[in-house]
Amino acid sequence: MRTLNQEESISFLRALAKGINPYTRSECRRTDMLRDPKIVDGIHEVILSFIDLAKKNKVMLQFDRFAVKEIEISDEEKTIGLLAEFISSTSNFSKTRLIRVIQDYLVYFGYLEVKPDNLDHNSNKKFATPKGEKIGIKTFVQTSSNGKTYHCTRYSTAAQQFVISQLDEIANFFNNSIKLSKKKDDEVEEWEIVDLETDENDEVKE
């Protein structure tokens, strides 16, 4: 049986709340337990608790060190997508998520910079900086088969080696940002509680 995603689960609950069978889309019988408000509320609370747990317990990035040693560095220049694809086999993160994490790390430490791309309606793109060029990251103009020019960023053998050598640091960088995010979330929640208590005290004084 296919697992429902968050959006489908919410749609499922809304149907139940209206007394409609979410699978057949027909109205449930009055005696059907799916029309019992207590059951619907119970399912709703369980799903919300799981959603809240997922937000608080954000997944930490990990790499298999033994698998990392087996990564073969290419003699050809690679895009960040192809590089992340090789690395993803050693990690608990998907290729798409690794692209974002690696690029965030490289931007933070000055190997890449985000700026408007004049060849793509000034949309923000990531370009190699002089520091990035020193380790083998290159951004250059390329022409597609249909004659359109665009900026392309490639990672040389040296750049690939650098990224792979920094995987532990990249994981620490990401995981520390998650911890900081959790701390900020906790501080916000605490502030909101204190704020509510203040409001209640003010009302009592009046």
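Residues numbered from 1 in each chain as written. Predicted model: local features only at pLDDT ≥ 70, side-chain atom pairs only at ≥ 80, totals over all residues. Heavy atoms only, no water.

## Some words on the overall build of the protein
Counting its regular elements, the protein contains eight helices and four strands. Per-residue burial for the protein yields a buried fraction of 29% across its 206 residues. Counting only contacts in the protein whose residues sit at least 6 apart along the sequence, the fraction spanning at least 24 positions is 47%. Accessible surface, the protein: about 14600 Å² in total, of which carbon and sulfur atoms supply 52%. (Helix = DSSP H or I, 4+ residues; strand = E, 2+ residues; numbered from the N terminus. Buried < 20%, exposed > 50% of the residue type's maximum accessible area, 1.4 Å probe, protein only. Contact = heavy atoms within 4.5 Å. Areas by Shrake-Rupley, 256 points an atom, 1.4 Å probe, with all protein chains shown as cover.)

## Focus: the nonpolar core
Core analysis: the largest hydrophobic core is formed by 30 residues, its most contacted members being Leu61, Ile87, Leu106, Ile137 and Tyr155. Broken down by secondary-structure element, the contributors of at least two residues to this core are helix 4 (80-88), helix 5 (95-108), helix 7 (157-165) and helix 8 (167-205). Per-element accounting of this core gives the leading share, six residues, to helix 5. If sequence neighbours within four positions are ignored, Tyr155 has contacts with Glu76, Glu77, Lys78, Thr79, Ile80, Leu83, Leu106, Leu112, Gly136, Ile137, Gln160 and Val163. (Core = buried A, V, L, I, M, F, W, Y, C linked by side-chain atoms within 4.5 Å.)

## Notes on the layout of surface pockets
Space inside the largest pocket adds up to approximately 280 Å³. Surrounding the largest pocket, 15 residues form its lining, Gln103, Lys125, Lys126, His151 and Thr153 being those nearest its centre. The biggest single contributor to the lining of the largest pocket is strand 4 (residues 149-155), with five residues. (1 Å grid on protein atoms, 1.4 Å probe; cavity = no way out; pocket = protein on both sides within 12 Å on 5 of 7 lines; lining within 4 Å. Points joined across faces, edges and corners; volume = space filled by probe spheres on them.)

## Notes on empty space enclosed by the protein
This structure, assessed with the given rule, holds one cavity of 30 Å³ or more. Within this model, the largest cavity holds a volume of roughly 40 Å³. Considering the residues around the largest cavity, the lining is formed by Ile71, Glu72, Ile73, Ser74, Leu83, Phe86, Gln160 and Ile164. Across the lining of the largest cavity, the residue classes tally to five nonpolar, two polar and one charged. (Nonpolar A, V, L, I, M, F, W, Y, C, P; charged D, E, K, R; others polar.)

## What about the side chain of Lys78?
Within the fold, Lys78 resides in the loop between helix 3 (65-69) and helix 4. Of the side chains bearing the opposite charge, Glu76 lies closest to the buried Lys78, which forms no salt bridge; the N-O distance is 4.5 Å. Each residue touching Lys78, except ones within four places of it in the same chain, is listed here: Leu83, Phe86, Thr153, Arg154, Tyr155 and Gln160. (Lys, Arg positive; Asp, Glu negative; His and termini not counted. Salt bridge = Lys/Arg side-chain N within 4 Å of Asp/Glu carboxyl O.)

## Considering the pairing of strand 3 (residues 137-143)
Two faces, one strand: in a regular strand the side chains alternate between the faces of the sheet. Here strand 3 pairs with strand 4 via seven bridges, running antiparallel. For Val141, the partnering residue across the bridge sits in strand 4 and is His151. Linking strand 3 back to strand 4 in an antiparallel pair, the connection comprises five residues, with Gly147 at a positive phi of about 90°. (Pairing = 2+ DSSP bridges.)

## Some remarks on the environment of Gln62
Structurally, Gln62 is set in the loop between helix 2 (37-56) and helix 3. In this structure, the C-alpha to C-alpha distance between Gln62 and Asp168, residues 106 residues apart in sequence, is 8.2 Å. Apart from the residues within four sequence positions on either side, Gln62 is in contact with Thr90, Ser91 and Asn92.

## Side note on the pattern of salt bridges
Per the stated rule, a full pass over the model turns up seven salt bridges. Among the ionic pairs, Glu85 bridges to Lys95, the shortest N-O distance being 3.9 Å. Taken together, the positions of Glu85 in helix 4 and Lys95 in helix 5 put the pair ten residues apart, joining distant regions of the chain. Put simply, Lys115 and Glu113 hold a salt bridge, and the shortest N to O gap is 3.7 Å. With a relative accessible area of 34%, Lys115 lands in the partly exposed category. Sharing partners across several salt bridges, the network here consists of Asp117, Asp120 and Lys125.

## Structural notes on the environment of Phe66
Inspection of the secondary structure puts Phe66 in helix 3. With 24 residues separating them in the primary sequence, Phe66 and Thr90 have C-alpha atoms 8.5 Å apart.

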